[in-house]
Amino acid sequence: MSSTELENESLLIQIRAQLSERKIKLWEAPYLTEARTANEPEMRRLAETLGPEAGIPSDRCEIALRSLQQNALEKLQAKDEFQKTGLATVKVRAPTQAGANRSFDLKLKVTDLGSTLCELVGQRLSVDAQKIKLVCGGKVVNGVHTLEEQKLTNGAIVMALVMAHSEAEAKRECSTYDRVQKIRADAELLINENDSAKMMSLEDQSGNAIFLPKSEKKALLMALTLYAKGKAALQAGNYEEALLLLLEADQDFRSCNSQLLNGVDNYALLNLDVVWCYLCLKNLNQLPDAAERLQLCEQKFRQSYGENMKRVTAIKGEQSSEKTLLVRLHLLKAILYYHQNRRDDARTMFRVVETELQSLRIDDACLSRLMECGYTMQEARLALRACSNDIEAAIEFIHTQRQRHEANERRSRRELRLYESIGHNVADAAQYWRLKLENVDQLMEMGYSEEMAAIALKESDNDINGALNELQNNRDALQAKLTRCTVPDTKLLQLLVGLGFPEEAARVALKTTANVYDRAAEFLISNVANGGVYSELLTRAIEVDAETASPADSEPAASSSKRRSAPRGNIPATSASQCSEEKRQKKEMLDLLFKSFTKDIETSPDVYLDLSLVEEANLLEQYKKLLAMD
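Residues numbered from 1 in each chain as written. Predicted model: local features only at pLDDT ≥ 70, side-chain atom pairs only at ≥ 80, totals over all residues. Heavy atoms only, no water.

*Asks:* How should the overall build of the protein be read in this particular structure?
*Replies:* Of regular secondary structure, the protein possesses 27 helices and 9 strands. Sequence separation of 24 or more characterises 64% of the internal contacts of the protein that already satisfy a separation of 6 or more. Summed over all atoms, the accessible surface of the protein reaches about 31800 Å², with 49% contributed by carbon and sulfur. (Helix = DSSP H or I, 4+ residues; strand = E, 2+ residues; numbered from the N terminus. Contact = heavy atoms within 4.5 Å. Areas by Shrake-Rupley, 256 points an atom, 1.4 Å probe, with all protein chains shown as cover.)

What follows is the structure, encoded as structure tokens:
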């Protein structure tokens, strides 16, 4: 809202509170005549009484009283009409890109479908109803359910997400609904693929990978993906599209049953962004929903960060950047208090925000110096806030953060590779299990290979003593399971054969090392002597591989065993290679879709903490003036 609009709103809030305190009803005598018109002398006298008490000129107070009286009469008329005819009056607010709101009332029965309301709104706005989304009480109005089923009744306030009617904006509006639907369809395609874990992953506050049962992961990934797209739209200033995506994500979050939601901050951030979106759309009619969302956000922050940030401090230290999120939360709470006419509470909270903003202020000269050193603005801003503008400490902070992120990425890649090598599907709810990498490291120090240690731990459910027993007494069985789990990569196989290694040996090497080329080459160098003589380990591994090979693999294996010292440069085309080609084409298609889908999404793990706080500071000053704060 503009300053003038906020001042008018402030005036109405104060006068409404005075009327409520005095139990004055403007729709009754003596303020209303028998002809149901305003009693001007009484209204003037009332203005002269209330105006000075609120510090408002009497003439402005009288104008506000007339506006409130007219609104009250319209509500009474609508209520009477609803009781007599069943026609409900719905108030529609349509935010525009210019920042204003088109407002009008519509009448229809509460037994009508949501699509009927969409049609009526479309007619009034001259917009295709299929391109309109209606929001009421923080939820998107469903077209196939009745208004009554959605608790949308007489007097309901509905926000219609549409654009202004310039040619360029009209084209943009027509694409908003379609874009949101396409985003959901693309997200579903990416998430439903078996190898989606390689493209999309979940991390905790420390940056470690999170693996969930398939059913849980799909719901949570959909929510997080739509949220990421909504966040990107919000940052780009596309508030209508952003709100639609955020509310879509909200529905997916609500369908998640995992207790994980109680320990992560994503859902809290989503609610914070929804309320911020309301504010950006200049739509204060969603205040009841805003209050509920901010309360939920505060509750989730406590669960994720702990009281007074204790939990996040334990994880990230005193230099945690989550404090920027609290600034926005506290600012929105203060604005909410203001519009609820809780002025003392608003003043107290605005002072809190002012103190927080001051503590997070960034020195422009320090920011420039860090960026001249080659650090990104995001890195520099986060570091300077965390280190109170100390440049040397900020540089150390940046390098520590980079090392932490790199270590977490290496750990996650390693974990996923090991799961692949031991044939464990982390997305399979029936086999939900997490490998303890510290136990793998301990077994490797005893001389066992990484893959053998991993599969032994899987067999013993992470019990290191049980894994040792498996490695000592069931080594051949473990090797058989390991080689059975991995399908050699065709291109890597050709590369190794091209180096002169026998195909059967190269195949076993790739299976043993889970298709890690460098390690497979080292394995072959260590176990194949000049003249094609195999070590005992490789000989036994080839025998085990032959014993466990599928019927489709038995023919190539048999023929290659006759040519132990005569490597082949070409692999004949088979149905398996055709299948591999189809997989390759599908992977390329998914890669292209993923690149297109994520091109506007920030991939930095800390991007959500990098708020400029410029808008927050401007809003603070705007409301401080309204409250006459120093």
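*Asks:* How do you make sense of the environment of Cys366 when you look at a structure like this?
*Replies:* Along the chain, Cys366 falls in helix α14 (residues 364–372). Here the alpha-carbon distance between Cys366 and Ile391, two residues 25 residues apart in the chain, equals 6.6 Å. Among residues more than four places away in sequence, those in contact with Cys366 are Leu384, Asn389 and Ile391.

*Asks:* What is the right way to read the packing of aromatic side chains from this model?
*Replies:* The description of two aromatic rings rests on the distance between their centres and on the angle between their planes. For the structure shown, the criterion picks out 3 aromatic pairs. Pairing Phe350 with Tyr623 gives two aromatic rings, centres 5.7 Å apart and planes at 25 degrees, and the pair type is stacked. Placement of Phe350 in helix α13 (residues 343–359) and of Tyr623 in helix α27 (residues 614–626) is noted, with a sequence separation of 273 residues between them. Judged by relative accessible area, which is 2%, Tyr623 ranks as buried. One aromatic cluster is present, formed by Tyr338, Phe350 and Tyr623 through successive ring pairs. The cationic tip of Arg328 hangs over the ring face of Trp276; the distance from NZ or CZ to the ring centre is 3.9 Å. (Phe/Tyr/Trp six-rings, centres within 6.5 Å; stacked < 30°, edge-to-face > 60°. Buried < 20%, exposed > 50% of the residue type's maximum accessible area, 1.4 Å probe, protein only. Lys NZ or Arg CZ within 6 Å of the ring centre and 35° of its normal.)

*Asks:* What am I meant to see in the nonpolar core here?
*Replies:* For soluble globular proteins, nonpolar side chains are generally found buried alongside one another. Of all hydrophobic cores here, the largest spans 68 residues; its most connected members are Leu243, Leu270, Trp276, Phe301, Leu325, Phe350 and Tyr623. Contributing elements (two or more residues each) for this core: β5 (157–161), α7 (214–235), α8 (239–254), α9 (266–280), α10 (287–305), α12 (323–339), α13 and α27. Leaving out residues up to four positions away in the same chain, Trp276 has contacts with Leu234, Arg328, Leu331, Leu332, Glu615, Glu616 and Leu619. Listed in part, the 22 residues of the second largest apolar core include Leu108, Val121, Leu134 and Cys136. (Core = buried A, V, L, I, M, F, W, Y, C linked by side-chain atoms within 4.5 Å.)

*Asks:* Just checking my understanding: could you explain the side chain of Asn439 for this structure?
*Replies:* For Asn439, the position within the fold is in helix α17 (residues 437–445). Those residues in contact with Asn439, other than ones at most four positions away along the chain, are Leu457, Asn462 and Ile464.

*Asks:* It is not clear to me how the confidence of the model for the protein should be interpreted in this structure. Could you clarify?
*Replies:* Chain-level statistics for the protein give a pLDDT mean of 79 and a share of 75% at 70 or above. Element-level pLDDT for the protein is lowest in helix α25 (residues 551–561), with a mean of 40, against a maximum mean of 93 in α14. Low pLDDT, under 50, characterises residues 164–171; the predicted model gives this stretch 10 contacts beyond four residues in sequence or across chains. In the predicted structure, residues 194–200 sits below a pLDDT of 50 and forms 17 contacts with residues beyond four places in sequence or in another chain. (pLDDT = per-residue confidence, 0-100.)

*Asks:* Would you mind showing me how to read the packing of α8 against α9 here?
*Replies:* Between two packed helices, what matters for the description is the angle formed by their axes and the separation of those axes. Their axes nearest at 10 Å, the elements α8 and α9 cross at an angle of 150 degrees. Accordingly, the angle class assigned to the pair α8 and α9 is roughly antiparallel. Here α8 and α9 pass one another in a crossing that is left-handed. When α8 is examined against α9, the residues Tyr239, Ala242, Leu243, Leu246, Leu247, Ala249, Asp250, Phe253 and Arg254 are found in contact with a partner set consisting of Asn266, Tyr267, Leu270, Asp273, Val274, Cys277, Tyr278 and Cys280. For the contact of α8 with α9, the residue count by class is 13 nonpolar, 1 polar and 3 charged. (Axes fitted to C-alpha atoms, helices over the stretch in contact; angles between N-to-C directions. Parallel < 35°, antiparallel > 145°, perpendicular 65-115°, else oblique. Left-handed = near helix turned anticlockwise from the far one by under 90°. Nonpolar A, V, L, I, M, F, W, Y, C, P; charged D, E, K, R; others polar.)

*Asks:* Explain the pattern of salt bridges here, please?
*Replies:* Where side chains of opposite charge bring their charged atoms close, a pairing between them can arise. By the definition in use, this model includes 32 salt bridges. Close ionic contact of Arg254 with Asp250 constitutes a salt bridge, the shortest N to O distance being 2.8 Å. Taken together, the residues Arg254 and Asp250, both in helix α8 and 4 residues apart, mark about one turn of the helix. Given the relative accessible area of 43%, Arg254 is considered partly exposed. A relative accessible area of 0% places Asp250 in the buried class. (Salt bridge = Lys/Arg side-chain N within 4 Å of Asp/Glu carboxyl O.)

*Asks:* Mind showing me how you'd approach helix α18 (residues 450–459) here?
*Replies:* Three or four residues apart is the spacing at which side chains of an α-helix point the same way, because the helix has 3.6 residues per turn. Buried residues dominate α18, accounting for 8 of its 10 residues. Within α18 the residues assigned to the buried category are Glu450, Glu451, Met452, Ala453, Ala454, Ile455, Ala456 and Leu457. Positioned one or two residues after α18, Asp461 has a phi angle of 55 degrees, which is positive.

*Asks:* Is there a simple way to think about the pairing of β5 in this case?
*Replies:* In summary, the side chains of a regular strand alternate between the two faces of the sheet. With respect to burial, β5 is a largely interior element, 4 of its 5 residues being buried. Where strand β3 (residues 133–136) meets β5, 3 bridges bridge the pair, whose relative direction is antiparallel. Across the sheet, the residue bridging to Val135 is Met159, located in β5. (Pairing = 2+ DSSP bridges.)

*Asks:* How do you make sense of helix α15 (residues 377–386) when you look at a structure like this?
*Replies:* Across the 10 residues that make up α15, a large majority, 8, are buried. Every buried residue belonging to α15 is among Gln378, Ala380, Arg381, Leu382, Ala383, Leu384, Arg385 and Ala386, and all of these are buried. Tucked inside the fold, the buried residues of α15 contact α12, α14 and α16 (391–421). Once α15 finishes, Ser388 follows within two positions and takes phi at roughly 55 degrees, a positive value.

*Asks:* Looking at this structure, I do not really get the environment of Thr512. What am I missing?
*Replies:* In this fold, Thr512 is placed in helix α22 (residues 503–512). When neighbours within four sequence positions are excluded, Thr512 is seen to be in contact with Glu451, Gln479, Leu482, Thr483 and Phe523.

*Asks:* Looking at this structure, how should I read the environment of Leu471?
*Replies:* By secondary structure assignment, the location of Leu471 is in helix α19 (residues 464–473). C-alpha separation for the pair Leu471 and Ile455, spaced 16 residues apart in sequence, amounts to 9.4 Å. Apart from the residues lying within four places of it in its own chain, the contact partners of Leu471 are Leu443, Tyr448, Met452, Ala456 and Leu478.

*Asks:* Quick question: what am I supposed to make of unusual backbone geometry here?
*Replies:* Across the chain, the bulk of peptide bonds are trans and the bulk of non-glycine residues have phi less than zero. Going from Ala29 to Pro30, the amide bond is cis rather than trans, its omega being 10 degrees. Structurally, the position occupied by Pro30 is in the loop between α1 (3–22) and α2 (40–54). Although it is not a glycine, Asp461 adopts a positive phi angle of roughly 55 degrees. Following the sequence through the fold, Asp461 ends up in the loop between α18 and α19. Residue classification places Asp461 among the exposed residues on the basis of a relative accessible area of 55%. Phi at Asn462 is positive, roughly 70 degrees, even though this residue is not glycine.

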